[in-house]
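Tertiary structure, described
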Amino acid sequence: MARVLLGVSGGIAAYKALELVRLATKAGHAVRAIQTPTSQRFVGAASFAALTGAPVLTDEFERDAARGAYPGDAPPEHDPISHLELVHNADVFVIAPASVNTLAKLAHGLADNLLTSAALAATGPVIVAPAMNNHMWEHAATRANLQTLRQRGVIVIEPGTGELASKGEYGAGRLAEPPEILAAIEAAIVPPGPKPLDGLKLLVTAGGTREPIDSVRYIGNRSSGRMGFALAEVAADLGAEVTVIAANVGLDRDPRVSYLDVSTAEELRSACLTHFSLTDVVLMAAAVVDFRPGAPADTKLKKQTGQDSMRLELGLTPDILSELAGTKKPGQTVVGFAAEHGDKALDYGREKLKRKKLDAIVVNDISRPDIGFDATHNEVTIVTADRETSVPRSAKQDVATAILGEVSRLRAEDVARA
Ligand code: CTP
């Protein structure tokens with residue numbers, strides 16, 4: 001049972017916060033709600049008061065009839081300062097929905113209402129579940145505010161993608177579903193203790209390399225880096241010390257992870273070789289371009305009058321994965337990724353596992369548009385010498401959890417055999 005302080009800011013998704021209160025109280029948590037004045041234009045305080053069984057505050061100067069106590073607790077003798085007492089007594093402060101305006105205020109440390117003042121006074125875990133229009137979500141100001149909050153240790157529950165409140169709008173920005181927010185609340189209040197990947201040094205490659213043709217053009221691929229970044233974040237959650245070598249990835253970064261940026265296959269190779277000897281597990285999720293121009297021009301190539309074609313002489317890039325697997329020491333685990341097309345995907349994956357001498361290979365079928373490259377979801381089969389594990393279509397975070405689970409199993413089996 002936890003004491004949950006729920007901050008509700010303005011937005012249509014405020015109605016979903018009622019469902020969150022219902023689920024949280026049903027799960028045995030004591031909830032107090034505070035609202036911004038704008039949120040009350042969407043959902044009234046009476047609904048939150050009825051579901052929490054406690055007064056709902058909006059104003060810093062309002063007297064709290066419960067004197068900062070949570071349902072089930074006795075109020076103190078004195079009349080405390082509302083925003084300080086409520087947050088002081090909370091095990092977790094969750095702001096759901098967090099509007100674009102509230103996120104901006106939190107990022108800049110403003111304290112212009114009860115919710116933002118309480119956030120500044122919070123010393124425990126703070127979770128934000130943003131909800132807004134997709135253009136606001138994608139705006140550079142919002143990205144920067146989220147990055148600031150993440151760097152300060154605020155837990156961000158990404159909004160979902162789908163139909164948005166305004167008619168005909170579709171995109172990212174829907175408030176995460178209440179069960180997902182409740183799961184994040186419960187994860188945040190787990191007392192710190194040993195984690196499954198404590199002490200493990202993990203190297204993840206992510207994104208796609210770019211091989212220059214001239215000073216402005218390159219050969220590249222559509223890899224966004226989402227799978228590699230998800231692996232890094234989940235591994236950090238599980239206690240691993242994670243380094244990501246990112247090839248041209250524009251995604252948000254996790255403050256617990258070290259990132260190294262590269263562009264070409266050669267740069268990726270050199271960074272991998274530098275880090276490999278200090279690494280227990282390598283997850284080679286980057287899409288390495290296979291062929292590169294032999295002699296890229298260092299200026300921009302110009303087309304000549306009358307020219308209607310052009311020949312590019314390409315040479316193979318180094319196979320980094322094979323090179324790492326070929327030099328690995330006992331205790332090191334090397335995992336490859338194979339993006340394959342169609343029915344034969346798994347056969348190619350099995351063949352690559354053997355040929356590249358890998359401990360595991362994660363195979364996904366890129367003929368499907370809803371998974372794989374540049375998608376938020378993936379569906380994979382993890383192939384090892386002894387078994388094949390299918391992971392049905394799920395968010396890349398869940399696929400990452402399954403892959404790391406298989407890595408842990410493989411390593412435990414190795415220890416048992418030794
Ligand atoms: N890989 C690598 N170096 C390369 C090419 C690929 O390390 N030059 C790694 C990738 O990071 C990935 C795996 O090898 O983990 C994919 O292997 P492979 O199938 O050989 O790459 P593809 O380009 O998909 O090869 P194919 O021509 O068989 O489609």
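Residues numbered from 1 in each chain as written. Predicted model: local features only at pLDDT ≥ 70, side-chain atom pairs only at ≥ 80, totals over all residues. Heavy atoms only, no water.

Turning next to the site of the ligand. Around the ligand, the surrounding shell holds 13 residues, and the nearest of these are Met-284, Ala-286, Asp-290, Lys-352 and Lys-356. Here Pro-318 contributes a backbone N or O atom positioned 2.8 Å from a nitrogen atom of the ligand. Relative to its unbound accessible area of 570 Å², the ligand is 76% covered by the protein chains. Listed by contribution, the elements that provide at least two residues to the shell around the ligand are α11 (320–326) and β16 (333–340). In the shell around the ligand, the residues fall into seven nonpolar, two polar and four charged. (Near = heavy atom within 4 Å. Polar contact = N/O pair within 3.5 Å; in protein donor to acceptor, adjacent residues only side chain to side chain. Areas by Shrake-Rupley, 256 points an atom, 1.4 Å probe, with all protein chains shown as cover. Helix = DSSP H or I, 4+ residues; strand = E, 2+ residues; numbered from the N terminus. Nonpolar A, V, L, I, M, F, W, Y, C, P; charged D, E, K, R; others polar.)

Another aspect to go through is the nonpolar core. Core analysis: the largest hydrophobic core is formed by 35 residues, its most contacted members being Leu-202, Leu-231, Val-242, Val-244, Leu-283, Ile-403 and Leu-404. Contributions of two or more residues to this core are made by β8 (201–207), α9 (226–237), β11 (241–247), β13 (281–284), β17 (360–365), β18 (377–384) and α13 (396–417). When sequence neighbours within four positions are dropped, the list of residues in contact with Val-242 reads Leu-202, Val-204, Ala-232, Ala-235, Ala-236, Val-257 and Ser-258. Counting 30 residues, the second largest nonpolar core, distinct from the first, contains Ala-2, Val-43, Val-56 and Ala-129. (Core = buried A, V, L, I, M, F, W, Y, C linked by side-chain atoms within 4.5 Å. Buried < 20%, exposed > 50% of the residue type's maximum accessible area, 1.4 Å probe, protein only. Contact = heavy atoms within 4.5 Å.)

Applying the stated criterion to the full structure yields one aromatic pair. Their ring planes at 45 degrees and their centres at 5.2 Å tell us that Phe-229 and Tyr-259 sit as a pair that is tilted. In this pair, Phe-229 sits in helix α9 while Tyr-259 sits in strand β12 (residues 258–262), placing the two residues 30 residues apart along the sequence. Here Phe-229 matches Tyr-259 in class, with each residue buried. Looking at Arg-143, its charged tip hangs above the ring of Trp-137, at a distance of 4.6 Å from the centre. (Phe/Tyr/Trp six-rings, centres within 6.5 Å; stacked < 30°, edge-to-face > 60°. Lys NZ or Arg CZ within 6 Å of the ring centre and 35° of its normal.)

Taken together, the side chains of Phe-291, Leu-301, Met-310, Leu-312, Leu-314 and Leu-316 define a hydrophobic patch exposed on the protein surface, amounting to about 560 Å² of accessible area. For Met-310, the position within the fold is in the loop between β14 (291–293) and β15 (314–316). (Patch = residues over 30% accessible without salt bridge, like charges linked within 9 Å, V, L, I, M, F, W, Y side chains within 5 Å. Salt bridge = Lys/Arg side-chain N within 4 Å of Asp/Glu carboxyl O.)

Here we come to the packing of α9 against α13. One can describe the packing of α9 onto α13 by two numbers: an axis separation of 8 Å at closest approach and a directional angle of 60 degrees. Crossing hand, α9 versus α13: right-handed. Counted together, Arg-226, Met-227, Ala-230, Leu-231, Glu-233, Val-234 and Ala-235 of α9 and Lys-396, Gln-397, Val-399, Ala-400, Thr-401, Ile-403 and Leu-404 of α13 form the full contact between these two elements. Classifying every residue of the contact of α9 with α13 by side-chain character gives nine nonpolar, two polar and three charged. (Axes fitted to C-alpha atoms, helices over the stretch in contact; angles between N-to-C directions. Left-handed = near helix turned anticlockwise from the far one by under 90°.)

Okay, the pattern of salt bridges next. The final tally for this structure, using the stated rule, is 27 salt bridges. When the shortest N-O distance is used, the salt bridge between Arg-174 and Glu-177 registers 3.8 Å. Given the relative accessible area of 31%, Arg-174 is considered partly exposed. One salt bridge connects Asp-319 with Lys-356, and the closest N-O pair in it is separated by 3.0 Å. Of the two residues, Asp-319 sits in the loop between β15 and α11 while Lys-356 sits in the loop between α12 (345–355) and β17, which places them 37 residues apart along the sequence. The class of Asp-319 is partly exposed, set by a relative accessible area of 33%. In this structure Lys-356 comes out as buried when scored by relative accessible area, which is 15%.

Across the seven residues of β8, six count as buried, placing the element largely inside the fold. Both β8 and β11 contribute to a ladder of seven bridges, which runs parallel. Its bridge partner being in β11, Ala-206 is matched across the sheet by Ala-246. Two elements, β8 and β13, share four bridges in a ladder whose sense is parallel. When the bridges of β13 are listed, Thr-205 appears paired with Met-284. (Pairing = 2+ DSSP bridges.)

Here we take up the sheet that holds strand β1 (residues 3–8). Read from one edge to the other, the open sheet built from five strands follows the order β2-β1-β3-β4-β5, with strand pairing classed as parallel. Looking at the sheet topology across the chains shown, the edges are occupied by β2 (30–35) and β5 (155–156). Where strand β3 (residues 92–98) and strand β4 (residues 126–130) come together, four bridges link them in parallel fashion. Considered in β4, the bridge of Val-94 is made with Ile-127. Its contacts with the sheet place helix α2 (residues 45–52) against β1 and β2, and it is angled at close to 170 degrees to β2. Lying over the sheet, helix α5 (residues 114–121) contacts β1, β2 and β3, oriented at roughly 145 degrees with respect to β3.

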